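What follows is each chain in one-letter form.
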Amino acid sequence: MDEIEALQALLGAVQKQETRPRLSERNCRELLIKLLSNGLVTLIVNLDGNEYVTPEHLEKEIRDEIVVNGGRVKITDIQTAVNVDLRHVQDRMDKILSEDSSISMIDGEVLTSGIEIRHHDSIPDRNSIAKNGLHSARKDGRGMLYTDTYIERQEACIRGTFSALTRPTTLASLQSIFYFDESLFDQKVESLIKEGRIKGTLSGKGMRAVYTPEIFIRSQLSAAKNFFNQNGYIEYSTAEKMLINNPKSFLSKEFGNLGFALRSCFVSSRLVEQCIEHIRAKATADGDRLHAALKSDLVSPAAAQDDDDDDDGGRGKKKGGKKNVKEVEEEEEDGKKGKGSKRQELKEAAAKQKEKKGKGGGDESSAKKIDKGGKQQQGSSFDYDGETSKFVKDFLKSSSDDHEMDFASEDFIQEVVVSLRSKAKDIYHEIANSLFTSSATKRVKNDELQSKFVLLYQQLSLFRKGISFFSDETAAAMEKYLLKTLCTDIVNLVLESQCKAHGISFSATAEDRQKLQPSLTQEAAGTLSSFQELVVKILNSDGGDEAAMAEAAALSETVRSLASTKEGLSKACVSSEK
Amino acid sequence: MKKTLSSLPLLTVNAGPRDGDKWKDRLKEEYTALIKYIQIGKENDSDWFQIESNKEGTVWTGKVWYIYEMKKYEFDLKFDIPVSYPATAPELMLPELDGKTAKMYRGGKICLTVHFNPLWQRNVPKFGIAHAMALGMGPWLAAEIPDLVQASFLSPMELNDLLTGIQGADPTCSRQEVEGWQGESVDVLVSF
């Protein structure tokens, strides 16, 4: 019971205890926000959002962190340690740096003055540092420390790379490949160029600069020179392929006195001279050359062909420089060179040709005449030139009588002859060509005819063999029938081919055959008779049995009668002609 | 709430008021649990009732209070330990509220039938008076008082305002003094 009383008393006592007042977290936070908004306190909230720190305390914490980390610490490490936004850490750091000169910041790393010296000990190449002492370490504008070895190594890398370059390259592309120390890179390159250790030029600024090695410029120039010397010209597009910028100005700078800069290429004065020479020679020799061509042409077609080929070759050769020649002429038009007299000559020649062309129909007819004459006289020693010019002269004289003009000058006649020759040659070639093709087709037709004939003949012999098994009466009737059909077919075939050869229309009927006979010439009759002989021969060689012989005889009879009729008729034809 | 409950000791003795010495043991456990509950409340500033019993521990009286919208509402608490305790849960009574709310039986016995009684049944003999207060009275007050206040059936304790006023004006004035005064006049002050 006592215990219960004690407990009752205890309960009473507990109940009388003062309640410990307690603020909820939410209330605390609200109060804090109120304090902050009223500006009563300045606090920095940490990243979790459940702690506050005053700026003064943050500064202390940062200092502690620096000390704890041995005087060297990254600002991001401080930030994670103090767990507030990096911005606040940086603000505080700025303040610390401005107040405390013994602390410095390099590339986001905080260093105390003590650490800078110790820092050197931590560099791997400790010996060189010891040897050279601290003086060897240099401090650049941004507070970076480099040892001489490092600088030398960088320099060596840069030197090596740039010595190996053979074409223009940007510094940035090299940097991206070789990872040079960016702070040293462009300075080093500039100084190496200045020293003359690496030969080349640097254009542009900073990492965008383009380094052009001298060897590149030299080889570019030599390539351009080689091309120019070899070809006598260089096209701007070719120059551009050699990576020459603005080729026109470059080339005129380099070969200024050796040639002329044209629209699309640079031409050497040598080539210009050549062209001019060529034009002159052509202009003067044109007539002669054509004369020679004319002559050889008339003597033999093969020679003419050769001559043509030569001409073509010449034209081909000229084609390469054609554009240049044109441009040279343009150049001449500009009046740079005093070639006025030559041009005059060319113009005169052109004018003469025009004049001559104006004569039209007359020329045509005379061309034909020359052609005819040439053919008739083929094989004999005939003065074509003399004859032609004489003919032309006569013709012109007769026409000049009409027109009251004087065309008698030798030059003019020469020109006319030349022009006529070319036309005559064309016509000649045409005819020769057609002759050749027609003989070829003839051969094909003959082959066809032959195969047809053989087929028919085989059938004939087969049927005849068959007939021999029948009784005499039936056999005779059948043979008659055979004569009417197959033999007639054979005769028709032969006749048809002959008719075709002589351009006569033919249809395979008996009346037609009769009608046809007078129109067939002697020559055709000859062919037919020879054909008849051939048939006989074949039939004889075929085994010599009687039936075959009889058939062959019948066939040859037909053919012979045909031929004889023809002969008679053709004789009549000849006599009537007479 | 859960945390509080788990920190309350569970009872072991299964004995009612007629079980003699065993009841004494039970009573001891009841007191221990209550003391613990009060202590937790005091420490967490969530103290919400006062209680005491007669010598035998069969009749219990005390006060409960509830703070709603910064105003304190306080009521007398009274209940008997039933003969069949602990198999039967005690019927907690707030006589002042008799007739004010539907969630109540005649005489001010709060209605715990639906939620609390089944829970109690499952936890005989582990639950005691402290548990009945925490799981029965506490939630009932939390559910009913706001409704009653909104229906204007209750008016807050004026004394509470007075108390805050005194404390705000003179921080040296101890709470005991106020409470002592409060304890004497509480019947008068709570008006309906």
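Reading the values: rules and limits
Residues numbered from 1 in each chain as written. Chains lettered and ligands numbered in written order. Predicted model: local features only at pLDDT ≥ 70, side-chain atom pairs only at ≥ 80, totals over all residues. Heavy atoms only, no water. Helix = DSSP H or I, 4+ residues; strand = E, 2+ residues; numbered from the N terminus. Contact = heavy atoms within 4.5 Å. UniProt positions renumbered as here; feature names shortened; annotations may be inferred. Salt bridge = Lys/Arg side-chain N within 4 Å of Asp/Glu carboxyl O. Buried < 20%, exposed > 50% of the residue type's maximum accessible area, 1.4 Å probe, protein only. Phe/Tyr/Trp six-rings, centres within 6.5 Å; stacked < 30°, edge-to-face > 60°. Core = buried A, V, L, I, M, F, W, Y, C linked by side-chain atoms within 4.5 Å.

1. Some words on the overall build of chain B
Then step 1. The secondary structure content of chain B amounts to six helices and five strands.
Then step 2. Taking the intrachain contacts of chain B between residues at least 6 apart in sequence as the baseline, contacts between residues at least 24 apart amount to 54%.

2. Let's talk about the UniProt feature "active site" (unreviewed entry) in chain B
Residues and elements named next belong to chain B.
Then step 1. Mapped onto this numbering, the UniProt entry gives "active site" (unreviewed entry) at C111.
Then step 2. Mapped onto the secondary structure, C111 falls in the loop between strand 5 (109-110) and helix 3 (116-122).
Then step 3. Residues contacting C111, with those up to four places away along its chain left out, are K103, M104, Y105 and W140.

3. Comments concerning the pattern of salt bridges
Then step 1. One pass over the full model with this rule turns up 21 salt bridges over all chains.
Then step 2. In this structure, A:E277 and A:R280 form a salt bridge, with 3.1 Å as the shortest nitrogen-oxygen distance. Taken as a pair, A:E277 and A:R280 lie in helix 14 (residues 269-299) at a separation of three residues, close to a single helical turn.
Then step 3. Residue B:D25 pairs with B:K28 through a salt bridge whose shortest N-O separation is 3.9 Å. Pair noted here: B:D25 and B:K28 are both in helix 2 (residues 21-43), with a separation of three residues, about one helical turn.
Then step 4. Owing to a relative accessible area of 35%, B:D25 belongs among the partly exposed residues under this scheme.
Then step 5. Given the relative accessible area of 22%, B:K28 is considered partly exposed.
Then step 6. Three or more residues joined by partner-sharing salt bridges are found here, namely A:E59, A:R92, A:K95 and A:E99.

4. Description of the packing of aromatic side chains
Then step 1. All told, the structure shown has 14 aromatic pairs over all chains when counted by the stated rule.
Then step 2. Here the aromatic rings of A:F227 and A:Y233 are separated by 6.2 Å at their centres, their planes lie at 80°, and the arrangement is edge-to-face.
Then step 3. Its relative accessible area of 24% is what places A:F227 among the partly exposed residues.
Then step 4. Residues B:W60 and B:F79 carry aromatic rings whose centres are separated by 6.3 Å and whose planes lie at 5° to one another, so their mutual orientation is stacked.

5. Describing the nonpolar core
Then step 1. Core analysis: the biggest nonpolar cluster contains 49 residues, and B:V64, B:L94 and B:M137 have the highest contact counts within it.
Then step 2. Put simply, the parts of the chain that give this core at least two residues each are helix 1 (2-16) of chain A together with helix 2, strand 1 (49-53), strand 2 (59-68), strand 3 (71-80), helix 3 and helix 4 (129-150) of chain B.
Then step 3. The biggest single contributor to this core is helix 4 of chain B, with 12 residues.
Then step 4. Apart from the residues within four sequence positions on either side, B:L94 is in contact with B:V64, B:F75, B:D76, B:L77, B:M104, B:G108, B:I110, B:M137, B:W140 and B:L141.

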